[in-house]
Amino acid sequence: MKNKTLIIIVIIAATAAALSLGIYQKRTHQINASLLQIEQLMYERPDSAWKILQHMPSISQLRKEEQALHALLFTQAQYKNYIPVKSDSLLQIAEAYYRTSSDSLHKAWTLFYLAQYYRDSDEKEKALSYFQQANIASRNIENNQFKFLLNLHWANLLSDEDAENKGIEKYQTANKYAILLKDTLKQIDLYGQWGWCCLLTGKYDCADSLFNMGLKLSTSSKMTYYNYLLNCLSLTAREKKDYKRALELVNRSLSLAKDSTELYPLWNNKGEILLEMNQYDSAHFYLSKDTRDYDPYFKATHYLNWSIYEEKIKNLPKALEYSKRYAELLDTIYQKRLESKVVNLQHKYDYSLIQSENKLLKIKRQRLYISLTAICMAVLTVAVIFFYKRREEKRKLAEQMRSKDDLMKEMRLQLQEKTIDLHAAQEKIIEKETALDKELSQREKMRSEYSSKEAAMRKEILRHSEIIRKMEQLNKMSQQDKIQSRSVVLSDEEQDNLAEVINICYNNFTDRLWKKFPTLTKADISLCCLIKIGISNSNMLYLLDTSKVALKKRKNRLKHDKMGMDENDSLDEFIMEF
C-alpha cells in the first residue's frame, strides 16, 4: 500500500514539473512569434502594431532577447505614430542587449532611434555620435529602407549644426538609396527636406532647384507634396525679394488646398508677402485668417508678424505691445523646454527604479521556479531508486524459491548444448585459420619473388646507367683528383638520362614528383633523383660541381619554398619514401 502511494506521488510530481516546463516553453514560443509578427506589421500598419504592443505582457516578464526586441518595437511604433518618446529607458535595454549581439540589423535600428531621441531632446552631440554608430553597424546589412532613413535624418541634423557640406553628402547618399528603392514619394520628401535646409541657411538658389526637382516628380497636383512644394517655392521667391513670383506660387497653392490644415500656412505666407510689398489692407486680411493658436510657436510667429505690421502702419504703441508679447512667449517657450527636460530626467529616474524592482522580482520568481524543479527532480530520483531496489529484492527472493534440482538440470542441458556448439565453432575456426595461413604463405612468396625480381631489374638498369660508372670512378679517385677532375660532373644530357632511368625504376618517380610540385626545375629533379638512389652529400658535390653551402641552400630552397615542408621535416626521408 505504501509503495502504491509513493508511486502516485512520484507520478504527480513528475507530471507537474513537465507541465510547468511545457507551459513556460510554449509561452516563450508564442511571445517570440508575436514579436516577429508585430515587426512585419510595423512597416505597413504601424497603428495596429502599436495597439498590439500595448496589450503585450510587461517587459519585466520577458527574457533578455524578447525584452530587447519589445523595447525596440515599442519605440519604433511611437515614432511611426508620432507619439512623443519621453525617455530612452527602453532603448537602453535594447542597446545593452544588441551591443554584444550578432544581430546587426536590430542593433542598427536601436542606435538609429537613440540618435532620434537625443536629437529631439536637444542633445545634438549624442545624436551625432549615435548616427555614426548606426552607420557603422549597418555596413554589413542590405536594407536600403534603413540606410535611406539614416542618411536623411543624419543630414537634417548636420544641416541644423551648420555642417552643410557633410549634410549635403548625407542627402546625396539618401537620394542614392531612394533611387534604389524606386520610391518616388521618398525622393520628393528628400528634396523637400533638403531644400528646406538650404532655405534656412540662405542658399536660396539651391533650395529653389531642389523644390523644383521635387515638383517635377510630383507629376499630379493631387499628390500630397505638390501643394507643400509650391508653398516652399513661394517662400524661396519671397526670400529672394521676387514678390511677384512668390505671390503667383502661393495663389496656385491656395487654389489646390483642400482643408484648413493646408490653408493656414498659405494664408500666413501670403499675408507676409503682401506685408513686405506694403499692401497693408490685404496683408491684414490674410494674417487675420490664420487663427492657429494651439501651438506656442504659431502664436510667437503671429505676434512677430503683427508687430511688423503695426510698425509699418506707424502704430508704434501697438507694435511695441506685440513685440512684448512675442518676447514673453519666447521666455515661456524656453521655460517649458527647461521644465520638460527636468520631467524627462525624473521619468528616467522613476523608470530605472521600477526596472530595478522588476529585475529583483524576476530573479525571485526564477529562483522559486528552480527550487521547485529541483525538489521535484530530487523526489522523483529518490522514488525511482527506492522502486528499483525494491523490485530487485523481490526478484532475488523469487529466484531463491525455485527448485535447485530444476535449475541444475536446466544448466546441464545448456552446458551440453554450448559444448557441442563450441566444438563445432572451434573446428570451423581451425579450418579457416589453416586456409588463411596457406593463402598468406602463397602471397608472401609471390611478394618476395616480385620484390627480388624488381630489385634485380632496378639494379640491372642502374648498372648500365652513367651515374654508376661515375660513382665507381669517384670511389677510385683520391681527394685531390676528385677536386681537380671535371670528368665526374654530370652533363645536362646525363641528368636527363638519370631522370628517365629513375622514372622507370621507381614507378614514374619523376612524373609523380613533377605533378605534385609543378614549380620544380630540371635541376631540382636531378637533385631528387640523386637522393632517391642514395648518393651521399659528399659525392653530390662532385657530380653537380657545387659547394657544401650551395648544396645546402639548394636543398633548403627545395624543401621550404617549392615543397612547403616544415623545419623539422627531412627532405631525404621524404624523397626516399615518395
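Everything discussed here concerns the structure shown above.
Each value, and the rule that gives it
Position labels on residues start from 1 in each chain and follow its written sequence. Two thresholds apply to this predicted model, a pLDDT of at least 70 for residue-level local features and 80 or more for giving and counting side-chain atom pairs, whereas whole-chain, interface and lining totals are computed over all residues. The side-chain quantities take in all heavy atoms of the structure and omit both hydrogens and water. In this description a helix means any DSSP run of H or I spanning at least four residues, a strand means any run of E spanning at least two, and both kinds are numbered starting from the N terminus. Note on classification: 1.4 Å probe, protein chains only; a residue is buried when its accessible area is under 20% of the maximum for its type, exposed when over 50%, partly exposed between these limits. Between two residues, a contact is recorded if the distance between any of their heavy atoms is within 4.5 Å. Accessibility throughout is a Shrake-Rupley quantity obtained with a 1.4 Å probe, and a residue counts as covered only by protein chains that appear here. Note on terminology: a nonpolar core comprises buried Ala, Val, Leu, Ile, Met, Phe, Trp, Tyr and Cys residues joined through side-chain atoms within 4.5 Å. Residues enter a patch when their relative accessible area is above 30% and they make no salt bridge; the linking distance is 9 Å between like charges and 5 Å between nonpolar side chains (Val, Leu, Ile, Met, Phe, Trp, Tyr). The term salt bridge refers to a side-chain nitrogen of Lys or Arg lying within 4 Å of a carboxyl oxygen of Asp or Glu. The angle between two axes is taken between their N-to-C directions and runs from 0 to 180 degrees, where each axis is a line fitted to C-alpha atoms and a helix contributes only its stretch in contact. Working definition: roughly parallel below 35 degrees, roughly antiparallel above 145 degrees, roughly perpendicular at 65 to 115 degrees, and oblique for all remaining angles. Whether a crossing is left-handed or right-handed is set by the direction in which the near helix is turned from the far one by less than a right angle, anticlockwise for left-handed and clockwise for right-handed. Here the nonpolar group is Ala, Val, Leu, Ile, Met, Phe, Trp, Tyr, Cys and Pro; Asp, Glu, Lys and Arg are the charged ones; every other residue, Gly included, is treated as polar.

Structural notes on the overall build of the protein chain
- The helix and strand inventory of the protein chain stands at 25 helices and zero strands.
- The buried share of the protein chain, taken over its 578 residues, is 35%.
- Taking the intrachain contacts of the protein chain between residues at least 6 apart in sequence as the baseline, contacts between residues at least 24 apart amount to 56%.
- Split by element, the accessible area of the protein chain, about 36900 Å² in all, is 55% carbon and sulfur.

What to know about the nonpolar core
- One finds Leu-53, Phe-112, Phe-146 and Phe-148 to be the most contacted residues of the largest nonpolar core, which totals 67 residues.
- Setting aside chain neighbours within four positions, we find Phe-148 in contact with Ala-174, Tyr-177, Ala-178, Leu-181, Lys-186 and Leu-190.
- Met-477, Phe-509, Cys-528 and Ile-575 belong to the second-largest nonpolar core, a separate cluster that totals 35 residues.

Some points on unusual backbone geometry
- The backbone phi angle of Tyr-82 is positive, close to 60°, even though this residue is not glycine.
- Judged by relative accessible area, Tyr-82 falls into the exposed class, the value being 77%.
- At Lys-314, a position not held by glycine, the phi torsion is positive, near 70°.
- For Lys-314, the location among the structural elements is in the loop between helix H15 (296-312) and helix H16 (316-400).
- Its relative accessible area of 70% is what places Lys-314 among the exposed residues.

Observations regarding a nonpolar patch on the surface
- A grouping of Trp-196, Leu-200 and Tyr-228 is seen on the molecular surface, where their side chains present a nonpolar patch of about 310 Å² in accessible area.
- If you trace the backbone, Tyr-228 turns up in helix H11 (residues 224-239).
- For Tyr-228, a relative accessible area of 38% corresponds to the partly exposed category.

What about the pattern of salt bridges?
- In this structure the tally under the stated criterion is 16 salt bridges.
- Between Glu-123 and Lys-126 there is a salt bridge, with the nearest N and O atoms lying 3.8 Å from each other.
- The exposure class of Lys-126 is partly exposed, given its relative accessible area of 40%.
- Here the salt bridges share partners, and the residues they tie into one network are Arg-238, Glu-239, Glu-272 and Glu-276.

Digging into the packing of helix H2 (residues 46-54) against helix H3 (residues 64-80)
- Across the interface, H2 lies against H3 with an axial gap of 9 Å and an inter-helix angle of 135°. Taken together, H2 and H3 sit at an angle that is classed as oblique. Note that H2 runs across H3; the crossing there is left-handed. Facing H2, whose interface residues are Pro-46, Trp-50 and Leu-53, H3 presents His-70, Leu-73, Phe-74, Ala-77, Gln-78 and Lys-80.
- Residue composition of the contact of H2 with H3, by class: six nonpolar, two polar and one charged.

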